[in-house]
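# Commentary on secondary and tertiary structure
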Amino acid sequence: MINIGIIGYGYWGPNLVRNFAETPGASVYAVADLDGKKLEQVQRRYPAVKVTSNFLDLLNEPRIHAIAIATPVSSHFELAMAALKAGKHVWVEKPITETSLQARKLIDEAERRKLTLIVDHTFVYTGAVRKMREIVASGDLGSVYYYDSIRVNLGLFQRDVSVISDLAVHDFAILDYLIGEHPVAVSASGMTHFPGTPENLAYITLFYGSGTIAHVNVNWLAPVKVRQILLGGSKKMIVYDDMEASEKIKVYDSGVSFTDDPQKIYQLRVGYRSGDMWAPKLDTMEALRVEGEHFVKCVEAQERPITDGKLGVRVVELIEAATSSMRGRGETVYIQRQEGNS
Ligand SMILES: NC(=O)c1ccc[n+]([C@@H]2O[C@H](COP(=O)([O-])OP(=O)(O)OC[C@H]3O[C@@H](n4cnc5c(N)ncnc54)[C@H](O)[C@@H]3O)[C@@H](O)[C@H]2O)c1
């Protein structure tokens, strides 16, 4: 049984407590939050769980094996490093840290101590994204031509991070998992409509060496909630609408083909294919629950999580590149990959 201590019981922390409370092999031992009212909520809902306003109480408790961190991004590095140094496995919310340098330090520390470090990129564990990866990996989609995402709503404005760190991170992690390739360049435009606050909308383009292109549109100032991804391949195309109650994924047997036949040079050279559409059956288990079980298994078997620190640092590199491009009004930022840790 892995005893977990959770730091942060704001908007997201309660989801972690609820899921870990139901995850086989895991037990929620204690929750820390600076806000006494949040701790009262924990006590009302989970009378057996200990509460404290001081996260050090969790780190000093030998019966706690793992720490889950669901605090604002600016505190992730300090808390995760302290937890690793106390010998605890770490679950940290997305994005792993504010900077890629901080993320690399966490990876080093976890590796040196042989501790598990997982970053909660929840979308990667959804039935829909896992099915998309299955279709891409099987070759059924063909070459991935493009990824086009719209992730907009009247969002929770964050004080410390822009909409890129809040929403585009989901796409950066999904892309990494789906196509297993890191972009070579990024171009982004964005805007804040409220002086003194981080950008509340952004349009990000990612260029890949293989020729894949991705576009991500994120916005906290939209009147409706849209969560839609188009994934276009040379053989098939997928539409993923996360707002659909069922049939979140639709696979279209659509595409075009070009002929180079000199005999047909005066005829139409483009052939259009518009075949069947089907909606594959998806695993409906809550993504956090799937991820929680994966975390427990990784801790027990000393396996590397799917969303490990290295995936986390690649995502932060994209946040940094996109933010730098956005502040330069869309100038292209080339990505220099560092050897070693990622
Ligand atoms: N995986 C996802 O899909 C997802 C969704 C939403 C948020 N998040 C992530 O979860 C994290 C938290 O976001 P949120 O929206 O819940 O924030 P929040 O501000 O609602 O909650 C943060 C909580 O942490 C507490 N806290 C801060 N510093 C602390 C400390 N040193 N010790 C103890 N408690 C402390 C605060 O009192 C607050 O209750 C962020 O990293 C965010 O990116 C992830």
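Structural data are supplied above this passage.
Just so you know, these numbers come straight off a predicted model, no measurement behind them.

Glancing now at the environment of Met 237. The residue Met 237 is located in strand E12 (residues 237-241) in this model. When its relative accessible area of 26% is taken as the criterion, Met 237 is described as partly exposed. Separated by 13 residues in sequence, Met 237 and Lys 250 place their C-alpha atoms 8.4 Å apart. Aside from chain neighbours lying at most four places away, what touches Met 237 is Leu 141, Tyr 146, Leu 231, Gly 232, Lys 250, Val 251, Tyr 252, Ser 254 and Gly 255.

Next up on the list: a nonpolar patch on the surface. Residues Leu 154, Phe 157, Phe 194 and Leu 221 make up a contiguous nonpolar surface patch of roughly 380 Å² in combined accessible area. On the secondary structure map, Phe 194 appears in the loop between strand E8 (185-191) and strand E9 (201-207). Judged by relative accessible area, Phe 194 falls into the partly exposed class, the value being 37%.

A few words now on the site of the ligand. Neighbouring the ligand are 20 residues; Trp 12, Asp 33, His 76, Lys 94 and Thr 122 lie closest to it. Contact between the ligand and His 76: an oxygen atom at 2.9 Å from a side-chain N or O atom of the residue. Backbone polar atom of Lys 94 to an oxygen atom of the ligand: 2.8 Å apart, as the coordinates give it. Taking 860 Å² as the accessible area of the ligand by itself, protein coverage stands at 81%.

Below, the discussion takes up the side chain of Asp 166. Note on placement: Asp 166 falls in helix H7 (residues 163-179). Residue class for Asp 166 comes out buried when judged on its relative accessible area of 14%.

Looking now at the pairing of E8. When E8 meets E9, the two strands line up antiparallel, connected through seven bridges. Following the sheet pairing, Gly 190 is matched in E9 by Ala 202. Both E8 and strand E15 (residues 333-334) contribute to a ladder of two bridges, which runs antiparallel. Bridge pairing links Val 186 to Val 333 in E15.

This brings us to unusual backbone geometry. In this chain, Lys 94 is followed by Pro 95 through a cis amide linkage whose omega measures -15°. Looking at the secondary structure, you find Pro 95 in the loop between strand E5 (89-93) and helix H5 (100-113). With phi around 50°, Gln 302 is a residue other than glycine that occupies positive phi space. Take Gln 302: it is sitting in the loop between helix H8 (287-301) and helix H9 (309-327).

At a minimum axis separation of 9 Å, helix H1 (residues 13-22) and H8 run at an interaxial angle of 60°. Taken together, H1 and H8 sit at an angle that is classed as oblique. At the point where H1 passes H8, the crossing takes the right-handed sense. Where H1 approaches H8, its residues Asn 15, Leu 16, Asn 19, Phe 20 and Glu 22 are matched on the opposing element by Leu 288, Arg 289, Gly 292 and Phe 295. In terms of residue class, the contact of H1 with H8 is built from four nonpolar, three polar and two charged.

Conventions used here
- Residues numbered from 1 in each chain as written.
- Predicted model: local features only at pLDDT ≥ 70, side-chain atom pairs only at ≥ 80, totals over all residues.
- Heavy atoms only, no water.
- Helix = DSSP H or I, 4+ residues; strand = E, 2+ residues; numbered from the N terminus.
- Buried < 20%, exposed > 50% of the residue type's maximum accessible area, 1.4 Å probe, protein only.
- Contact = heavy atoms within 4.5 Å.
- Patch = residues over 30% accessible without salt bridge, like charges linked within 9 Å, V, L, I, M, F, W, Y side chains within 5 Å.
- Areas by Shrake-Rupley, 256 points an atom, 1.4 Å probe, with all protein chains shown as cover.
- Salt bridge = Lys/Arg side-chain N within 4 Å of Asp/Glu carboxyl O.
- Near = heavy atom within 4 Å.
- Polar contact = N/O pair within 3.5 Å; in protein donor to acceptor, adjacent residues only side chain to side chain.
- Pairing = 2+ DSSP bridges.
- Axes fitted to C-alpha atoms, helices over the stretch in contact; angles between N-to-C directions.
- Parallel < 35°, antiparallel > 145°, perpendicular 65-115°, else oblique.
- Left-handed = near helix turned anticlockwise from the far one by under 90°.
- Nonpolar A, V, L, I, M, F, W, Y, C, P; charged D, E, K, R; others polar.

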